[in-house]
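# Working through the structure, step by step
Chain by chain, the residues:
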Amino acid sequence: MPAERVYLDHAATTPVDPRVVEAMLPFFTEEFGNPSSVHLWGQRAEAAVESARHEVADVLGCAPEEILFTSCGTESDNLALRGMAFAERERRGANRILTTPTEHPAVLRTARQLSESFGFALDLVPVDEYGFVHPEDLDRALRPDTAVASVIYANNEIGTINPVAELAAVCRGRGVPFHTDAVQAASQSPLSVGILGVDMMSMGAHKFYGPKGVGALFVRSGLRLMPALTGGSQESSLRAGTQNVPLIVGLATALVLTQEESSVHNPRFSALRDRLLAEVPACVPDARVTGHPAQRMPNHASFVFRGVDGNALLAALDLAGFGCSSGSACKTGEPEPSEVLLAIGQAHDWALGSLRVTVGRGTTLANIEAFIEALPAAVDRVRAAKVSQA
Ligand SMILES: *Cc1c(COP(=O)(O)O)cnc(C)c1O
């Protein structure tokens, strides 16, 4: 067993900041009221939810009424896409969805279901070899009957940061509502919706040192959505159900801390990331960096290795004490390469060997040096096992 285990999968989830735990605790016990109740217990819970809404709104530079709380980043993406698609079809007969091939499944599979089961046409904007979406390509793909356009802010698999403000401006010029999935970006990128110019933006707390199971969605005032959950009038009647008060308090606390402290963490993350991006291809034969070389998340390094089984590599790294992830989803023994890697033009035998290394607040330079030292042997072992199987 390795002496120390090193977690390098902060794009999958992050530990909850102890200050966030502290802020949440009273709302599990003494402050247990239902925010919709009229009495004092209810008023106190409602005050906590509304103060969380103000805190999130302050970070985004929007009005509190423009923030909705949901159960996760996935739900925020679903509410934005479905809610806007159905509302725009009802309002103006718009019957197309526009997104990209490099979205998280929370957007891409939602768009596919809207197309396959609900009669919307689905258009995909092409991306370049880095998974970067160019504004002129978005402009070319927009149609007058596009109900909603959605482009990921920072890509979870390959780290590329899209030019969201320019993409949003293109959509605004054409009168099409623009959504961005900022679930990955929220931990490190600027979130001012005034500067970004987006109409809707999704976030999920567990990607920025908050709790799992809570998300937020910004919806610009004046836009109409079809409700996701019908029932009570919580969350402007767009998302019925008693609010999860402790988790909402946790999301707001975590977001404020993350954004306040990003100027401290980001430069340190970038230095660790740059070390990985430079040294991994230098010490492993047949290795490539995936995603944008410069426009990428400060904490995110990703690679492909030719002729490597990505899942076997993750297992070998886990044995060596390192927790990383890959882009490929293993389908009953027959691994499928990630759609994102195929969309950026990686060949099948490269795309199967993907590796994502994402650093966080607890990662040290010594951790990264140890990882770089362990990786070549792990890749060799996995390649050798594959040859002996054949
Ligand atoms: C993690 C992630 C999601 C899903 O968020 P959950 O809160 O886990 O549901 C959506 N989009 C991106 C880009 C993500 O990284």
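Residues numbered from 1 in each chain as written. Predicted model: local features only at pLDDT ≥ 70, side-chain atom pairs only at ≥ 80, totals over all residues. Heavy atoms only, no water.

Our next topic: the packing of aromatic side chains. Any aromatic ring pair is given by two values, namely how distant the centres are and how the planes are angled relative to each other. Across all of its chains, the model carries 4 aromatic pairs by this definition. Ring geometry for Phe86 against Phe118: centres 5.4 Å apart, planes inclined by 80°, an arrangement best described as edge-to-face. Residue Phe86 is located in helix α3 (residues 73-92), and its partner Phe118 is located in helix α4 (residues 105-118); the two are separated by 32 residues in the primary sequence. Look at Phe118 and you get partly exposed, because its relative accessible area is 36%. A centroid spacing of 5.4 Å and a plane angle of 80° characterise the contact between Phe322 and Phe371, whose relative ring orientation is edge-to-face. You can see Phe322 sitting in strand β11 (residues 322-323) and its partner Phe371 sitting in helix α12 (residues 365-389), a full 49 residues away along the chain. An identical accessibility class is assigned to Phe322 and Phe371; each is buried. Among the aromatic residues, those joined into a cluster by ring pairs are Phe86, Phe118 and Phe120. The ring of Trp350 carries the charged tip of Arg288 above its face, separated from the ring centre by 3.7 Å. (Phe/Tyr/Trp six-rings, centres within 6.5 Å; stacked < 30°, edge-to-face > 60°. Helix = DSSP H or I, 4+ residues; strand = E, 2+ residues; numbered from the N terminus. Buried < 20%, exposed > 50% of the residue type's maximum accessible area, 1.4 Å probe, protein only. Lys NZ or Arg CZ within 6 Å of the ring centre and 35° of its normal.)

A few words on the site of the ligand. All residues adjacent to the ligand are Cys72, Gly73, Thr74, Asp77, His104, Ile152, Asn156, Asp181, Val183, Gln184, His206 and Lys207. At 2.6 Å, a side-chain N or O of Thr74 approaches an oxygen atom of the ligand. The side chain of Gln184 places a nitrogen or oxygen atom 2.7 Å from an oxygen atom of the ligand. Here the ligand, which alone exposes 380 Å², has 89% of that area covered by the protein. Counting residues per element, the shell around the ligand draws most heavily on α3, at 3 residues. (Near = heavy atom within 4 Å. Polar contact = N/O pair within 3.5 Å; in protein donor to acceptor, adjacent residues only side chain to side chain. Areas by Shrake-Rupley, 256 points an atom, 1.4 Å probe, with all protein chains shown as cover.)

Another point: the pairing of strand β6 (residues 178-181). Burial along β6 is two-sided: Phe178 and Thr180 facing one way and His179 and Asp181 facing the other are all buried. Relative to β6, strand β5 (residues 146-150) runs parallel, the two being bridged by 2 bridges. Of the residues in β6, the one forming a bridge with Ser150 is His179. In the classification by handedness, the crossover that spans β5, the intervening helix α6 (residues 164-174) and the parallel β6 is right-handed. Two strands pair when backbone bridges link them, and β6 and strand β7 (residues 200-204) are joined in this way by 3 bridges, in the parallel orientation. The residue bridging Thr180 from the neighbouring strand is Met201, located in β7. (Pairing = 2+ DSSP bridges. Right-handed = clockwise from strand over helix to strand, strands pointing away.)

What follows concerns helix α8 (residues 245-283). With 39 residues, α8 should cover 57 Å at 1.5 Å per step; its first-to-last C-alpha distance of 49 Å lies more than 12% under that length. Of all the bends in α8, the greatest measures close to 60° and is centred on Ser262. (Expected span 1.5 Å × (residues − 1). Bend = angle between axes of the 7 residues up to and from the residue.)

The subject of this paragraph is the sheet that holds strand β10 (residues 300-305). Where strands meet in a sheet, backbone hydrogen bonds hold them as pairs that are either parallel or antiparallel. Pairing in this open sheet of 3 strands is antiparallel, and the strands run β9-β10-β14 from one edge to the other. At either end of the open sheet lies a strand with only one pairing partner, and these are β9 (287-289) and β14 (354-358). Averaged over all pairs of adjacent strands, the angle between strand axes in this sheet comes to 25°, irrespective of strand direction. Sheet analysis places β9 next to β10, joined by 3 bridges and oriented antiparallel. Among the inter-strand pairings, Arg288 is bridged to a residue of β10, identified as Val304. (Axes fitted to C-alpha atoms, helices over the stretch in contact; angles between N-to-C directions.)

The next subject is the sheet that holds strand β8 (residues 215-219). Taking strand neighbours across the sheet as the criterion, the 7 strands line up as β2-β8-β7-β6-β5-β3-β4 in an open arrangement whose pairing is mixed. If you trace the sheet from one side to the other, it starts and ends with β2 (67-70) and β4 (121-124), each paired once. Put simply, the sheet's adjacent strands are angled 20° from each other on average, direction ignored. In this sheet, β4 lies alongside strand β3 (residues 96-99) in parallel orientation, the contact comprising 4 bridges. Pairing of Thr99 across the sheet is with Leu124, part of β4.

A few words on the side chain of Arg53. When you line up the elements, Arg53 lands in helix α2 (residues 40-60). Look at Arg53 and you get buried, because its relative accessible area is 7%. Here Arg53 is in contact with Pro64, Ile67, Leu68, Phe69, Glu235 and Gln243, once residues within four sequence places are set aside. (Contact = heavy atoms within 4.5 Å.)

A pair of packed helices can be characterised by two numbers: the angle between their axes and the separation between those axes. Where α2 contacts α8, the axes come no closer than 9 Å and their chain directions differ by 25°. One finds that α2 runs roughly parallel with respect to α8. Note on packing geometry: the crossing formed by α2 with α8 is left-handed. Mapping the contact onto sequence places Ala45, Ala48, Val49, Ala52, Glu55, Val56, Val59 and Leu60 in α2 and Val245, Ile248, Val249, Leu251, Ala252, Thr253, Leu255, Val256 and Gln259 in α8. Grouping the constituent residues of the contact of α2 with α8 by class yields 14 nonpolar, 2 polar and 1 charged. (Parallel < 35°, antiparallel > 145°, perpendicular 65-115°, else oblique. Left-handed = near helix turned anticlockwise from the far one by under 90°. Nonpolar A, V, L, I, M, F, W, Y, C, P; charged D, E, K, R; others polar.)

So, about the side chain of Gln184. Along the chain, Gln184 falls in the loop between β6 and α7 (193-196). A polar atom in the side chain of Gln184 sits 3.3 Å from the backbone oxygen of Ala11. Setting aside chain neighbours within four positions, we find Gln184 in contact with His10, Ala11, Ala154, Asn155, Asn156, Lys207 and Met297.

Let us now look at the pattern of salt bridges. Counted by the stated rule, this structure contains 21 salt bridges. Close ionic contact of Arg5 with Asp318 constitutes a salt bridge, the shortest N to O distance being 2.6 Å. Of this pair, Arg5 sits in the segment before β1 (6-7) while Asp318 sits in helix α9 (residues 310-319), placing them 313 residues apart in sequence. By relative accessible area, which is 43% here, Arg5 ends up partly exposed. Close ionic contact of Arg91 with Glu88 constitutes a salt bridge, the shortest N to O distance being 2.8 Å. Residue Arg91 and its partner Glu88 are both found in helix α3; the two are separated by 3 residues, about one turn of the helix. The class of Glu88 is buried, set by a relative accessible area of 5%. Here the salt bridges share partners, and the residues they tie into one network are Asp17, Arg19, Glu261 and Arg361. (Salt bridge = Lys/Arg side-chain N within 4 Å of Asp/Glu carboxyl O.)

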